[in-house]
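Each chain is listed here by its residues.
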Amino acid sequence: MNNKEAKAIELPANYEELKKSAHRTSNWRERLDAIEELGQLKNQQVIDMLTHIMKNDAVYKIQEAAYRQLKGLGEDVQLPPKKKGELFKGVTKVLVRIKKSLPEGHTYSEFKEKFKKMRIDIYDAYEGEKGADFDKWLQSTWEGLSKK
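Values in this document were obtained by computation on a predicted structure and should not be read as measured data. For every chain, the first residue of the written sequence is number 1, and numbering continues from 1 onward in sequence order. Totals for whole chains, interfaces and linings use all residues, but because this is a predicted model, local features are given only for residues with pLDDT of at least 70 and pairs of side-chain atoms are given and counted only at 80 or more. Side-chain measures here rest on the full set of heavy atoms in the structure, leaving out hydrogens and waters.

1. Thoughts on the layout of surface pockets
Here a cavity means grid points, on a 1 Å grid over the protein atoms only, where a 1.4 Å probe fits yet cannot get out; a pocket means an open set of points with protein on both sides within 12 Å along at least five of seven lines; lining residues are those with an atom within 4 Å of a point. Grid points are joined across faces, edges and corners, and a volume is the space filled by probe spheres set on the points. If you add up the space inside the largest pocket, you get close to 200 Å³. Surrounding the largest pocket, Ala22, His23, Thr25, Arg31, His52, Ile53, Asn56, Asp57, Ala58, Phe88, Asp121 and Ala125 form its lining. In DSSP terms, a helix is any run of H or I states spanning at least four residues, a strand is any run of E spanning at least two, and both are numbered starting from the N terminus. When contributions to the lining of the largest pocket are tallied by element, the ones reaching two or more residues are α4 (44-56) and α8 (120-130). Among the elements that line the lining of the largest pocket, the one with the most residues is α4, at three residues. For this classification, Asp, Glu, Lys and Arg are treated as charged, while Ala, Val, Leu, Ile, Met, Phe, Trp, Tyr, Cys and Pro are nonpolar and the rest, including Gly, are polar. In terms of residue class, the lining of the largest pocket is built from five nonpolar, four polar and three charged.

2. Some words on the environment of lysine 114
Mapped onto the elements of the fold, lysine 114 is located in helix α7 (residues 108-118). Classification of residues uses two cut-offs on accessible area relative to the type maximum, computed with a 1.4 Å probe and protein chains only: under 20% is buried, over 50% is exposed, and between them is partly exposed. A residue is classified by how much of its surface remains accessible, and lysine 114, at 26% relative accessible area, is partly exposed. Through-space distance from the C-alpha of lysine 114 to that of isoleucine 98 is 7.1 Å; in sequence the pair is 16 residues apart. With sequence-adjacent residues up to four places away left out, lysine 114 is seen in contact with Ile98, Ser101 and Leu102. Nitrogen and oxygen atoms within 3.5 Å of one another constitute a polar contact, given that in protein one can donate a hydrogen and the other can accept it, and given that sequence-neighbouring residues count only through two side-chain atoms. In terms of polar contacts, lysine 114 uses its side chain to reach the side chain of serine 101, at 3.0 Å. Residue contacts follow a heavy-atom distance rule, with two residues in contact if any of their heavy atoms lie within 4.5 Å.

3. Points about empty space enclosed by the protein
This model, assessed by the stated rule, comprises one cavity of 30 Å³ or more. Taken as a whole, the largest cavity spans an internal volume of roughly 50 Å³. Around the largest cavity, the lining residues are Asp57, Ala58, Val59, Tyr60, Gln63, Lys82, Lys83, Leu87 and Glu129. Per-class residue counts for the lining of the largest cavity are four nonpolar, one polar and four charged.

Encoded structure:
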């Protein structure tokens, strides 16, 4: 598709809402749905947004979805490699801070709830990245955090 074709396709009335949803860091499922819907629009703005998401989203499932949509739109793109290590720099510090803020003897459930309330962006990204293993990962991380 050339630039004239890409620019010629009009954006739908709900484009601004889709754009917000595609960038909402607190809800990876909403981002995924928005990317699927945006992938139906052959428009340069959409292509640029999907390219940015493919290269920069913290959740690899989201990067993959943006890549698939771009390929479906005929774009010549390469899927970025999956990042190794922490999704967010200093996540262990954040988790230690949350654990320290809770009373001695708190439960894993209390920790998980406070983590979700305080840092939904990080919580959501790890939930999206870890999938079914999220709880297992979070609990073992919580157990390994020092309270000192």
